[in-house]
Amino acid sequence: MGYDFDKIIDRRNTGSLKWDQYPDDEAISMWLADMDFQAPPAVLEALRKCVDYGIFGYPLPTKELAEVITQAMEQKYGWAIEPEWIVWLPCLGTGLNLACRSVGNVDDEAISFTPVYPPFLGAPGQSKRTLLTVPLMLKDGQYVFDLEKLKKTITPKTSLLILCSPHNPVGRVFSREELLAVAEICLENDIVICSDEIHCDLVMDDVKHIPAASLSSEIANNTITLMSPSKTYNIPGLGCGFAIISNEKIRRDFVEAEKGILSTPNALGYSACLTAYRDCEDWRLAVVDYLRKNREVVYDCINNELAPLSMQKGQATYLAWIDARKLELADPAGFFREGGVILSDGKDFAAPGFLRLNFACPQGVLLVALCRMKRSLAQLQSNSLD
Ligand SMILES: Cc1ncc(COP(=O)(O)O)c(C=O)c1O
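Since this is a predicted model, take the numbers as computed values, not measurements.

1. Section: the packing of helix α2 (residues 41-53) against helix α10 (residues 267-279)
- Interaxial distance between α2 and α10 falls to 9 Å at its minimum, and their mutual angle equals 145°. Considering how the two elements wind past one another, α2 and α10 form a crossing that is right-handed. Where α2 approaches α10, its residues Ala 42, Val 43, Ala 46, Leu 47 and Cys 50 are matched on the opposing element by Ala 267, Leu 268, Ser 271, Ala 272, Thr 275, Ala 276 and Asp 279.
- Of the residues belonging to the contact of α2 with α10, the class tally is nine nonpolar, two polar and one charged.

What follows is the structure, encoded as structure tokens:
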């Protein structure tokens, strides 16, 4: 079945965080990580059925939902999980914070690799833990873990490592060897891993996502995995995600940390989640195909036409991580926003001078945004000649 990702849907004035937070009428919004595409038709149909049914009582995740997730883990990753390992969450931001609150003790340390999705930097402090950061290294055009730096950063108070895999913003899909190396360092130092794998179904290259917990039963026993259909099927506003935790103690502590505070996902979220994982594989393949084409457009344009900007090619996610340091501007995001394109500011990811561009939009919109960025750069260059 063909899907029309070229269709432009105006999201302004719809209560959209991405499009209405900065209401510059003309600016193209490419900051927040949601897609400008409608959710899969099967998901829309399932939601219509829920609305037609019309009773919105307290929901329960169905047995079928847990089975569908269990099967998906087995089929995609050869990872055998038990339904009772699944802990439902209203969103994965909550999962990150619960991991920080439930592992170890107050004043412990949690490690994040940087640059990284901003809540990885905020969650430890919000949970009365100290954040330690280990920069990713750029090696042969790819961002990789700096294992020596990781080992040197760990102290006896380090109890958690929060891993973003695939990585937002750099788009890496880490290999088995890379993940094993990190997981073994964590095991040796008694550090629990919280592996946020929200982007795992958005892999564009011929590489496989490997859940950290699927590496071995020992590593599974030391890992909290976070997953959600929200990024891949563009349903983050429906608030439905989950953790998979095989270790009974870690799971009990995680659940204990949310007692009396969190609500479960809502009925529409559960329904969309079930339909997305069960019925939408052809849509997922189609959207990943479209994203891959957009990635090529962005990569070629940034590296060949928008000097001195540059970027590496991400393997997953719909995010381009752009190095704008050679512009030597105090506020590169503000500069491009003046020119009509709203990007995420790298300083929020612990990387000032970088920009993140979300290319999950119709290609026509992407081309206009890139033209605007080119125009801004041309103006800057002509001003510097004046
Ligand atoms: C790595 C990562 N984790 C979590 C989230 C947020 O997920 P949720 O909307 O379920 O809180 C995002 C959103 O961009 C993300 O990139």
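From this point, the discussion proceeds with the structure in view.
2. With respect to the packing of helix α11 (residues 281-305) against helix α13 (residues 363-385)
- One can describe the packing of α11 onto α13 by two numbers: an axis separation of 11 Å at closest approach and a directional angle of 10°. The angle between α11 and α13 falls in the class roughly parallel. Only Gln 363, Leu 366, Leu 370 and Lys 374 of α13 make contact with α11, whose side of the interface consists of Lys 293, Asn 294, Val 297, Val 298, Cys 301 and Glu 305.
- Residues belonging to the contact of α11 with α13 are distributed by class as follows: five nonpolar, two polar and three charged.

3. Regarding the site of the ligand
- In the region of the ligand, 13 residues are neighbours, and Ala 33, Cys 91, Leu 92, Gly 93 and Asn 168 sit closest.
- Among the residues forming the shell around the ligand, the class breakdown is seven nonpolar, five polar and one charged.

4. Points about helix α4 (residues 92-102)
- Of all 11 residues making up α4, eight are buried, and the element is well covered by its neighbours.
- Within the span of α4, buried status applies to Leu 92, Gly 95, Leu 96, Leu 98, Ala 99, Cys 100, Arg 101 and Ser 102.
- At the C-terminal side of α4, Gly 104 shows a positive phi close to 70°.

5. Observations regarding the pairing of strand β8 (residues 192-196)
- With five of five residues buried, β8 lies mostly within the body of the structure.
- Handedness of the strand β7 (residues 158-164)-helix α7 (residues 176-188)-β8 crossover: right-handed.
- Pairing geometry for β8 and strand β9 (residues 223-227), over four bridges, is parallel. Residue pairing in the sheet places Ile 193 in a bridge with Thr 223 of β9.

6. What to know about unusual backbone geometry
- Note the cis peptide between Ser 165 and Pro 166, where omega equals -5°.
- Relative to the helices and strands, Pro 166 resides in the loop between β7 and α7.
- Backbone torsion omega between Ala 307 and Pro 308 reads 10°, so that peptide bond is classified as cis.
- Considering the arrangement of structural elements, one finds Pro 308 in the loop between α11 and β11 (310-311).
- In this model, Lys 128 sits at a positive phi of 60°, which is unusual for a non-glycine residue.
- Its location among the elements puts Lys 128 in the loop between α5 (119-126) and β4 (130-135).
- You will see that Asn 234, though not glycine, has its phi angle at about 55°, which is positive.
- Checked against the element boundaries, Asn 234 lands in the loop between β9 and β10 (241-244).
- A count of 21 C-beta atoms within 10 Å places Asn 234 in the buried class.

Cut-offs used in this document
Residues numbered from 1 in each chain as written. Predicted model: local features only at pLDDT ≥ 70, side-chain atom pairs only at ≥ 80, totals over all residues. Axes fitted to C-alpha atoms, helices over the stretch in contact; angles between N-to-C directions. Helix = DSSP H or I, 4+ residues; strand = E, 2+ residues; numbered from the N terminus. Left-handed = near helix turned anticlockwise from the far one by under 90°. Contact = placed C-beta atoms within 7 Å. Nonpolar A, V, L, I, M, F, W, Y, C, P; charged D, E, K, R; others polar. Parallel < 35°, antiparallel > 145°, perpendicular 65-115°, else oblique. Near = placed C-beta within 6 Å. Buried ≥ 20, exposed ≤ 12 C-beta atoms within 10 Å, placed from the backbone. Right-handed = clockwise from strand over helix to strand, strands pointing away. Pairing = 2+ DSSP bridges.

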